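Listed below, chain by chain, are the residues.
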Amino acid sequence: MLAPSLDTLTKNMECEEQSTTSSLDIVIKWNGNDYDVKNLNTNSDVKTLKEEIFKCTGVRPERQKLTNLRISGKMAPDECLLSAINIKSGTKIMMVGSKEEDIAEASVVPPKREKGRKCKSYDSEEFDEERVDKMEIHLAKVQNRVDNYEIKMLNDPRPGKKLLVLDIDYTLFDHRSAAESGLELMRPYLHDFLESAYEQYDIVIWSATDMRWIERKMAVLNVANNVAYKIMFYLDNAAMITVHTPKYGVVSVKPLGVIWGKFPENYNKHNTIMFDDIRRNFLMNPKNGLKIRPFREAHLNWEMDKELLHLSVYLYEIAKIDDFTKLNHRNWEKFIKKAQYKKEKRHKRDRTDNNEPKPPDSQPKL
């Protein structure tokens, strides 16, 4: 029997190779959109897939996090072959990542609100002594914002929910530290905090920057389209007002009366709380503000910062209270400890009652 020719062997090898390889069509879900990656060889590795994703989305491979592309319960490394993952054509892969320009814009210091206006940035406890919330000139400015400021609604108010208003810079995001990704500057437990708060509160984001910066940062932090919670709307620096204090001159503040005037049937001073790292922003609503510890130097404080984790507990506990103005938010940590002590005491009493032997029947058995 004659041996097969070299051409025959070559053809057989090509046929065998074709039978063991095939092409894949994969859908990448990112930022609420679908991106098709077509004709990807099954013998390609994860790095090749990321390079194709970069062509579609503009997100560099080193910035990409393919959340559901896993092998042995762990995220697939770049050198892993797609055939080893047993991925099928038509599979949808969720990606987290940011473009270079988005990271740069979200991390840069935003422009000043009004050029030429000298607005002080003091954050002194003495601000609370200067009651400006009752002055007619300031109330007129609030009414002007109610009448003329346009809110772009993202989600409708929910009946019976309280209101949580959140600052961004140094409250949810360290906007000055250098980082390769905006996610590295996100405050720890942010998404857990927002998901927990959303159960009892409608959520509004209010930052002393332009709207375009707010939208960029919320996109970078994956807050904008998160499925676990919804943001009702954003407010920017145009919704703020300037007030004059006898001691410190002109300062910019965030008057909650703008929201209350827009939604009088839903929110008021009794069911609203605001978190901000600058106390002066509460000047028009001193009883509704909680000064959060600023989140700076993200790389150094990432593992230690548990502010949002603890504040989730505080929000949960005070949601049972009808009037927030009766609370002193400066003592929020003491409030948590007191609530936890009461719970432990109640549980201890319940355990004692359950283990206590029942008294004998006083009636004699006949």
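Structure shown above.
Fair warning: this is a prediction, and the values are worked out from it, not measured in the lab. (Residues numbered from 1 in each chain as written. Predicted model: local features only at pLDDT ≥ 70, side-chain atom pairs only at ≥ 80, totals over all residues. Heavy atoms only, no water.)

## Some remarks on the overall build of the protein chain
The number of helices and strands found in the protein chain is 11 helices and 13 strands. For the protein chain, restricting intrachain contacts to residue pairs at least 6 apart in sequence, the fraction spanning at least 24 positions comes to 72%. Approximately 21,400 Å² of the protein chain is accessible, and the part contributed by carbon and sulfur atoms is 50%. (Helix = DSSP H or I, 4+ residues; strand = E, 2+ residues; numbered from the N terminus. Contact = heavy atoms within 4.5 Å. Areas by Shrake-Rupley, 256 points an atom, 1.4 Å probe, with all protein chains shown as cover.)

## Quick notes on the pattern of salt bridges
Under the counting rule described, the total for this entry stands at 13 salt bridges. Of the charged contacts, one joins Arg293 and Glu307 as a salt bridge, the two residues approaching to 2.9 Å between their closest N and O atoms. Of the two residues, Arg293 sits in the loop between strand S13 (289-291) and helix H9 (298-301) while Glu307 sits in helix H10 (residues 307-318), which places them 14 residues apart along the sequence. Where Glu317 meets Lys343, a salt bridge forms, and the shortest distance between an N and an O atom there is 2.9 Å. On the criterion of sequence distance, the pair formed by Glu317 in helix H10 and Lys343 in helix H11 (residues 332-355) is long-range, its members being 26 residues apart. Residue Lys343 is classed as partly exposed on the basis of its relative accessible area of 28%. Here the salt bridges do not stand alone but share partners, grouping Asp167, Lys254 and Asp276 into one network. (Salt bridge = Lys/Arg side-chain N within 4 Å of Asp/Glu carboxyl O. Buried < 20%, exposed > 50% of the residue type's maximum accessible area, 1.4 Å probe, protein only.)

## Here we look at the packing of aromatic side chains
Per the counting criterion, the structure on display carries 5 aromatic pairs. Look at Phe233 and Phe263: their rings are 5.6 Å apart centre to centre, the planes differ by 10°, and that puts the pair in the stacked class. Residue Phe233 is located in strand S9 (residues 231-235), and its partner Phe263 is located in the loop between helix H8 (257-262) and strand S12 (272-276); the two are separated by 30 residues in the primary sequence. By relative accessible area, which is 0% here, Phe233 ends up buried. Classification of Phe263 as buried rests on a relative accessible area of 13%. (Phe/Tyr/Trp six-rings, centres within 6.5 Å; stacked < 30°, edge-to-face > 60°.)

## A look at the side chain of Asp174
Tracing the backbone shows Asp174 in the loop between strand S7 (162-166) and helix H6 (190-198). For the buried Asp174, no salt bridge is present, and the opposite-charge side chain at shortest range is Arg296, 6.6 Å distant. In this structure the side chain of Asp174 is engaged in a polar contact, spanning 2.4 Å, whose partner is the side chain of Ser177. In contact with Asp174, other than residues within four places in its own chain, are Leu185, Phe295, Arg296, Glu297 and Ala298. (Lys, Arg positive; Asp, Glu negative; His and termini not counted. Polar contact = N/O pair within 3.5 Å; in protein donor to acceptor, adjacent residues only side chain to side chain.)

## Quick word on the nonpolar core
If you look at the biggest cluster of nonpolar residues, it comprises 38 residues, and the most contacted ones within it are Leu164, Leu166, Phe193, Ile205, Ile273, Phe275 and Leu315. For this core, the elements supplying multiple residues, two or more each, are S7, H6, strand S8 (201-206), helix H7 (211-220), S9, S12, H10 and H11. Residues within four places of Ile273 in sequence aside, it is in contact with Leu163, Leu164, Val165, Tyr201, Asn288, Leu290, Tyr314, Leu315, Ile318, Phe324 and His329. Listed in part, the 20 residues of the second largest apolar core include Val37, Leu40, Val59 and Cys80. (Core = buried A, V, L, I, M, F, W, Y, C linked by side-chain atoms within 4.5 Å.)

## Considerations on the sheet that holds strand S1 (residues 23-30)
One open sheet holds the 4 strands; their spatial order is S2-S1-S6-S3, and the pairing between them is mixed. In this open sheet, the two strands that pair with only one neighbour each are strand S2 (33-41) and strand S3 (65-66). Pairing of S1 with strand S6 (residues 92-96), which is carried by 3 bridges, proceeds in the parallel orientation. Across the sheet, the residue bridging to Ile28 is Ile93, located in S6. (Pairing = 2+ DSSP bridges.)

## Focus on the packing of H6 against H10
Here H6 crosses H10 at 5°, and the two axes come no closer than 9 Å. Between H6 and H10, the angle is such that the two are roughly parallel. Contacts from Leu190, Phe193, Ser196 and Ala197 of H6 reach H10 at Leu308, Leu311, Ser312 and Leu315. (Axes fitted to C-alpha atoms, helices over the stretch in contact; angles between N-to-C directions. Parallel < 35°, antiparallel > 145°, perpendicular 65-115°, else oblique.)

## Side note on the side chain of Asp202
Locating Asp202 in the fold gives a position in strand S8. In this structure Asp202 touches Pro157, Arg158, Lys161, Lys162, Leu163, Leu164, Met232 and Tyr267, once residues within four positions along its chain are discounted.

## Overview of the sheet that holds S9
Reading across from one edge, S9-S8-S7-S12-S13 is the order of the 5 strands in this open sheet, with parallel pairing throughout. Of all the strands in the sheet, the pair left with one neighbour each is S9 and S13. Strand-to-strand twist across the sheet, computed as the mean angle between neighbouring axes with direction ignored, equals 20°. Pairing of S7 with S8 involves 5 bridges; the strand directions are parallel. Considered in S8, the bridge of Val165 is made with Val204. Most of the contacts of H7 go to S9, to which it runs at about 140°, and overall it touches S8 and S9.

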